[in-house]
Amino acid sequence: MTQTPETIRAPKKRVAILISGRGSNMQALVTAARAPDYPAEIALVISNRPEAPGLAWAKEHGLPTLTLDHQLYENREHFEGQLQSVLEMSKIDLVALAGFMRLMTPGFVERWRGRMLNIHPSLLPLFKGLRTHEQALAAGVRISGCTVHFVSPEMDAGPIIAQAAVPVLPADTPETLAARVLEAEHRLYPQALSLVAQDQISLNADSIAFQRVGSEGINHADALFSPSL
Ligand code: GAR
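Residues numbered from 1 in each chain as written. Predicted model: local features only at pLDDT ≥ 70, side-chain atom pairs only at ≥ 80, totals over all residues. Heavy atoms only, no water.

Any chance you could explain the sheet that holds strand β1 (residues 13-19) here in plain terms?
Hydrogen bonding along the main chain pairs the strands of a sheet, whether they run parallel or antiparallel. Taken together, eight strands build an open sheet; the order of strands is β3-β2-β1-β4-β5-β6-β7-β10 and the sheet is mixed. The sheet is open, and its two borders are formed by β3 (65-67) and β10 (224-225), each paired with just one other strand. Here strand β4 (residues 94-97) runs beside strand β5 (residues 116-120); their pairing, made up of three bridges, is parallel. Bridging across to β5, Val95 finds its partner in Met116. Seen against the sheet, helix α3 (residues 76-89) touches β1, β2 (40-47), β3 and β4 and runs at an angle of roughly 155 degrees to β2. (Pairing = 2+ DSSP bridges. Helix = DSSP H or I, 4+ residues; strand = E, 2+ residues; numbered from the N terminus. Contact = heavy atoms within 4.5 Å. Axes fitted to C-alpha atoms, helices over the stretch in contact; angles between N-to-C directions.)

How do you make sense of the side chain of Asp69 when you look at a structure like this?
As for its placement among the helices and strands, Asp69 is situated in the loop between β3 and α3. It turns out Asp69 is buried and unbridged, and the closest side chain with the opposite charge, Arg49, is 6.8 Å from it. Engagement of the side chain of Asp69 in a polar contact is seen with the backbone nitrogen of Gln71, the distance being 3.0 Å. For Asp69, the residues in contact, after removing those within four places along its chain, are Asn48 and Pro50. (Buried < 20%, exposed > 50% of the residue type's maximum accessible area, 1.4 Å probe, protein only. Lys, Arg positive; Asp, Glu negative; His and termini not counted. Salt bridge = Lys/Arg side-chain N within 4 Å of Asp/Glu carboxyl O. Polar contact = N/O pair within 3.5 Å; in protein donor to acceptor, adjacent residues only side chain to side chain.)

Explanation requested: the packing of helix α1 (residues 24-33) against helix α6 (residues 174-197) in the structure shown.
Pairs of packed helices are described in terms of their axes, by the angle between the two and the distance that separates them. At a minimum axis distance of 9 Å, the contact between α1 and α6 shows a crossing angle of 45 degrees. Overall, the two elements α1 and α6 adopt an arrangement that is oblique. Both α1 and α6 take part in a crossing whose hand is right-handed. Along the contact surface, α1 presents Ser24, Asn25, Ala28, Leu29 and Ala32, while α6 presents Leu182, Glu185, His186, Tyr189, Pro190 and Leu193. (Parallel < 35°, antiparallel > 145°, perpendicular 65-115°, else oblique. Left-handed = near helix turned anticlockwise from the far one by under 90°.)

Can you walk me through the pairing of β2 in this structure?
Remark: a regular strand shows side chains that alternate across the two faces of the sheet. Counted residue by residue, β2 has seven buried out of eight residues, so it is predominantly covered. Read as a crossover between parallel neighbours, the route from β1 over α1 to β2 is right-handed. Relative to β3, β2 is paired through three bridges, and the arrangement is parallel. Pairing of Val45 across the sheet is with Thr65, part of β3. Considered for its hand, the β-α-β crossover made up of β2, helix α2 (residues 53-60) and β3 is right-handed. (Right-handed = clockwise from strand over helix to strand, strands pointing away.)

Sorry if this is basic, but what is going on with α6 here?
Along an α-helix, residues three or four positions apart point the same way, because every turn accommodates 3.6 residues. For α6, with 24 residues, the first-to-last C-alpha span of 33 Å sits near the 34 Å given by 1.5 Å per residue. Just past α6, the residue Asp199 takes up positive phi, approximately 60 degrees. (Expected span 1.5 Å × (residues − 1).)

Honestly, α1 in this entry has me stumped. Any pointers?
The buried count for α1 comes to eight of ten residues, which makes it a mostly enclosed element. Looking only at α1, the buried set comprises Ser24, Asn25, Met26, Ala28, Leu29, Val30, Ala32 and Ala33. Against the buried residues of α1 lie β1, β2, α2, β4, β5 and α6.

Where do I start with the site of the ligand in this structure?
All residues in the neighbourhood of the ligand are listed as Arg22, Gly23, Ser24, Asn25, Gly99, Met101, Ile119, His120, Pro121, Leu182 and Glu185. Side-chain polar atom of His120 to a nitrogen atom of the ligand: 3.3 Å apart, as the coordinates give it. Taking Glu185, its side chain carries an N or O atom lying 2.7 Å from an oxygen atom of the ligand. Within the complex, the protein chains bury 88% of what would otherwise be the 450 Å² of accessible surface of the ligand. Contributions of two or more residues to the shell around the ligand are made by α1, β5 and α6. Residue composition of the shell around the ligand, by class: four nonpolar, five polar and two charged. (Near = heavy atom within 4 Å. Areas by Shrake-Rupley, 256 points an atom, 1.4 Å probe, with all protein chains shown as cover. Nonpolar A, V, L, I, M, F, W, Y, C, P; charged D, E, K, R; others polar.)

Is there a simple way to explain the packing of aromatic side chains in this structure?
The description of two aromatic rings rests on the distance between their centres and on the angle between their planes. The final tally for this structure, using the stated rule, is one aromatic pair. Relative to Phe79, the ring of Tyr73 has its centre 5.8 Å away and its plane inclined at 70 degrees; by these criteria the two rings are edge-to-face. A cation sits over an aromatic face here: Arg102 above Phe79, 6.0 Å from the ring centre. When the ring centre of Trp112 is taken as origin, the NZ or CZ atom of Arg115, which lies over that ring, is 4.1 Å away. (Phe/Tyr/Trp six-rings, centres within 6.5 Å; stacked < 30°, edge-to-face > 60°. Lys NZ or Arg CZ within 6 Å of the ring centre and 35° of its normal.)

Now the structure itself:
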């Protein structure tokens, strides 16, 4: 077959997913990446907790996995030194944090600037840190959601790639709101990773750059969605 610009595909970006627990966002990324035209492949799943249920799932599904138990390292720099070696050896292009509950040092974050994504269960910059759904309910917001952002040295403060909104209902508890937001996370993270893997969204200085595709620009709808109620 003659190769036309349409048939020549850029090589898939090699992604490492870092988890600490359940790994449902990892599963959403793995599922999306099975599609032949998805622009990224999941090359490695790393857990800092040997007992993480997500790690067992990844093993069962034949993904390359690695445990890097942070407790076995003297300090954050040693842990991250080992992590960096593994990522380099595996020729990783992008790192996707998916419920990875360790803060990274500024040095490590800088190395992966514009190439490390995180998902957070709130509409940042609201409700950083933990217990985001409790925070949302206490604040009385009518809409909450999730955010995929590039990781920056300050926690939950990096440039925003994509967001999804969900309604907060009068009878919500932190658990029911978390479940609604989690469903949105599972849709949003694969979309956001795809945009970054295709270089449609990148980091330019300290803000997000949208690459123009054709005369229309990118489909911005891929980078956000809203409640259907
Ligand atoms: C997800 O809700 C994710 O957004 C959140 O932890 C959960 C992990 O679930 N991450 C953070 O709070 C990071 N600040 P999962 O392991 O099933 O993907």
